[in-house]
Amino acid sequence: MRVHHEFDQRRFVAPVGNPEAGYAHFLGTQIDVDNATVLVADRAGAVVGYAYAGIEPFSWKELRDAAGFVYDIVVDEAERRGGIAGALMEAAIAWVREQGVASVMLWTAAPNEGAQRLFERLGFRRTMIEMTRDV
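Please read all numbers here as calculations on a predicted model, not as lab measurements.

1. So, unusual backbone geometry
One non-glycine residue, Ala44, adopts positive backbone phi at about 55°. By the element assignment, Ala44 lies in the loop between strand E1 (36-43) and strand E2 (46-56). A positive phi is found at Leu63, a non-glycine position, where the angle reads about 55°. Looking at where Leu63 falls in the secondary structure, it is placed in the loop between E2 and strand E3 (67-75).

2. Things to note about a nonpolar patch on the surface
The grouping of Phe58, Trp60 and Leu63 at the surface amounts to a nonpolar patch, some 450 Å² of accessible area in total. In this structure Leu63 comes out as exposed when scored by relative accessible area, which is 72%.

3. With respect to the pattern of salt bridges
Summed over all chains, the structure comprises 7 salt bridges. Taking the shortest distance from any N to any O, the salt bridge between Glu130 and Arg11 comes out at 2.8 Å. On the criterion of sequence distance, the pair formed by Glu130 in the segment after helix H4 (113-121) and Arg11 in the loop between helix H1 (2-7) and helix H2 (19-30) is long-range, its members being 119 residues apart. Residue classification places Glu130 among the exposed positions, given a relative accessible area of 52%.

4. Some remarks on the sheet that holds E2
Pairing is mixed in the open sheet, where 4 strands are placed in the order E1-E2-E3-E4. In the strand order of this sheet, the two ends are held by E1 and strand E4 (104-106), each with one partner. Neighbour-to-neighbour, the strand axes of this sheet turn through a mean angle of 25°, independent of strand direction. Summarising the sheet, E1 and E2 pair through 8 bridges and their orientation is antiparallel. Residue pairing for E2: Thr37 is matched across the bridge by Ala53.

5. A closer look at the environment of Ala53
Locating Ala53 in the fold gives a position in strand E2. Taking the C-alpha atoms as reference points, Ala53 and Trp95, separated by 42 residues in sequence, lie 8.6 Å from one another.

6. Some thoughts on the environment of Asn35
Its location among the elements puts Asn35 in the loop between H2 and E1. Discounting chain neighbours no more than four positions away, the residues touching Asn35 are Ala53, Gly54, Ile55 and Trp95.

7. Section: H2
Counted at 1.5 Å a residue, the expected span for H2 with its 12 residues is 16 Å, and the 17 Å between its end C-alpha atoms agrees. Taken as a whole, H2 has its buried residues at Pro19, Leu27 and Gln30. Buried residues along H2 cover an arc of 70° about the axis, so they all sit on one side. On its buried face, H2 is in contact with H1, E1 and E2.

8. Here we look at the nonpolar core
Membership of the largest hydrophobic core comes to 22 residues, with the highest contact counts inside it found for Val70, Leu88, Phe119 and Phe124. For this core, the secondary structure elements donating two or more residues are E1, E2, E3, helix H3 (84-98), E4 and H4. Ranked by the residues each element gives to this core, the list is headed by H3, at 7 residues. Setting aside anything within four residues of it in sequence, one finds Val70 in contact with Tyr52, Ala53, Met89, Ala92, Val104, Met105 and Leu106.

Calculation notes
- Residues numbered from 1 in each chain as written.
- Predicted model: local features only at pLDDT ≥ 70, side-chain atom pairs only at ≥ 80, totals over all residues.
- Heavy atoms only, no water.
- Helix = DSSP H or I, 4+ residues; strand = E, 2+ residues; numbered from the N terminus.
- Patch = residues over 30% accessible without salt bridge, like charges linked within 9 Å, V, L, I, M, F, W, Y side chains within 5 Å.
- Areas by Shrake-Rupley, 256 points an atom, 1.4 Å probe, with all protein chains shown as cover.
- Salt bridge = Lys/Arg side-chain N within 4 Å of Asp/Glu carboxyl O.
- Buried < 20%, exposed > 50% of the residue type's maximum accessible area, 1.4 Å probe, protein only.
- Pairing = 2+ DSSP bridges.
- Axes fitted to C-alpha atoms, helices over the stretch in contact; angles between N-to-C directions.
- Contact = heavy atoms within 4.5 Å.
- Expected span 1.5 Å × (residues − 1).
- Arc of directions from axis to C-beta.
- Core = buried A, V, L, I, M, F, W, Y, C linked by side-chain atoms within 4.5 Å.

Structural data, given as structure tokens:
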């Protein structure tokens, strides 16, 4: 949440209070949801990364069939560039495949070029561009 807000303070919600605890609670509610998964990478018992993915139904609004969606992937800065993000993404993609869904999607912040390079290396292609205007 903090990183996204730093990317674009007008687009993303400002982190107030303790958003880490709020998001941790939210992720905890997703563990037992049938159409979602939370995958964790750990080193010596410490969490160093996670991926949160789910299945989105057919959408007339988005003109797409049911699809897997990687909602979030985070790797501790000290652990980056060691293959953790790629392994989490591959595990999320495998989970989507196990659900019988033929494609997986994700959103990435425009300034997050490092993540975009990772996603492209993993076979993702650009399909849509979100545009925002304040009114």
